[in-house]
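# Chains, contacts and geometry: an overview
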Amino acid sequence: MMDDLKTSAENTWCPGCGNFGILNAVKKAVRILEEKGISRDIMAISAGIGCHAKIFDYLALSGLYSIHGRAAATIQGMKIAHPGLKVIAFAGDGDAYGEGIAHLIFAAKRNADITVVVHNNGVYGLTTGQFTPTSKKGFKGPSTPRGSVEEPLNPLTLMLEAGATFVARGYPGKITHLASLIVKAIKHKGFSFIDVLQPCVTFNNTYDLYNEQVEILEEIPETYEAAILEARKKESLPIGVFYEILKPIYHEELYGDWNPVIQKFSREKRLQAVKDLLSE
Ligand code: SF4
């Protein structure tokens, strides 16, 4: 079958990188969504900076390349400007949980109707292996030659506490499962978040650990508290949807059903509004 989501960009990820599984899962999800009547023409993507961000080059979808840590902010702008779009941000762990953590937390807090997929490999791969907010304590790299002395962040409990209305974790070693999570996240009305356990074969090869510890959550935990407990598990790594609720969403609270792209005001109308304001 011809891959009509493939671009002409040369793929420069290391052979075996977990990013390949994420890319394949996203393509699968786009095709499933199209079967459900959600066209790729209304999907818009963004990415930060890092190995993860190359997914922007490898996916034939519209979008805007962002800067480090700002993909969630970028797609919030897209959504407010054109609420008819399904907007998806790809981010790295250093990107989303380091540089861009404030954008991520506030997007969850205000329940922006966006999807954020974090390629969490516990390392800055593009810059050759520095520790990130999710690196394990003791992680050795160029910036922590004697081992990191910090405990890692838990992205799931962080997002649950921040107010995210859809929280999930996936693994590119289980592509069909990850694709189904991406479908659910994009269909969710409100802030949807997926932390993806992405092995970096070159600087933090976690395939053996994940293949041993990953287990599929059969059901969504019944309560918020149960979701937190599940997310805190250390003896295994559950993947699946941890939490999903519906709450008012940001752009509707802000604008009602106004679509600033379709129903934009003329220049004359805007100038008149400024004159009216100044004359008050
Ligand atoms: Fe993937 Fe790591 Fe290579 Fe980057 S450095 S492409 S994250 S394996």
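Structure first, text after, so check above.
None of these values were measured; they are calculated from a predicted model. Chains are numbered independently. Their residues run from 1 in the order of the written sequence. For this predicted model, a pLDDT threshold of at least 70 governs which residues receive local features, and a threshold of 80 or more governs which side-chain atom pairs are given and counted, while totals over whole chains, interfaces and linings are taken from all residues. Side-chain measures here rest on the full set of heavy atoms in the structure, leaving out hydrogens and waters.

### Quick word on helix α6 (residues 155-162)
- Counting buried positions along α6 yields six of eight residues, so the element is predominantly enclosed.
- Every buried residue of α6 is accounted for by Pro155, Leu156, Thr157, Met159, Leu160 and Ala162.
- In the analysis that follows, any N or O atom pair within 3.5 Å is treated as a polar contact, provided that within protein one partner can donate a hydrogen and the other can accept it, and provided that, for residues neighboring in sequence, both atoms belong to side chains. Labels follow the DSSP assignment, with helices taken as runs of H or I lasting at least four residues and strands as runs of E lasting at least two, numbered in each case from the N terminus. By the N-cap criterion, in which a side-chain oxygen at the helix start approaches the backbone nitrogen of a residue two or three places on, α6 is capped by Asn154, the distance to Leu156 being 3.0 Å.
- Note on α6: the residue one or two positions beyond its end, Gly163, has a positive phi of about 115°. Relative accessibility under 20% of the residue-type maximum defines a buried residue, over 50% an exposed one, and the middle range a partly exposed one, all with a 1.4 Å probe and only protein chains included.

### Remarks on the side chain of Thr157
- For Thr157, the position within the fold is in helix α6.
- We call two residues in contact when some of their heavy atoms are within 4.5 Å. Here Thr157 is in contact with Ile228, Ala231 and Arg232, once residues within four sequence places are set aside.

### Comments concerning the environment of Ala72
- One can find Ala72 in helix α3 (residues 71-81).
- Assessed through its relative accessible area of 7%, Ala72 is described here as buried.
- Spatially, the C-alpha atom of Ala72 lies 9.9 Å from that of Ala102, the residues being 30 residues apart in sequence.
- Aside from chain neighbours lying at most four places away, what touches Ala72 is Ala89, Ile114 and Val116.

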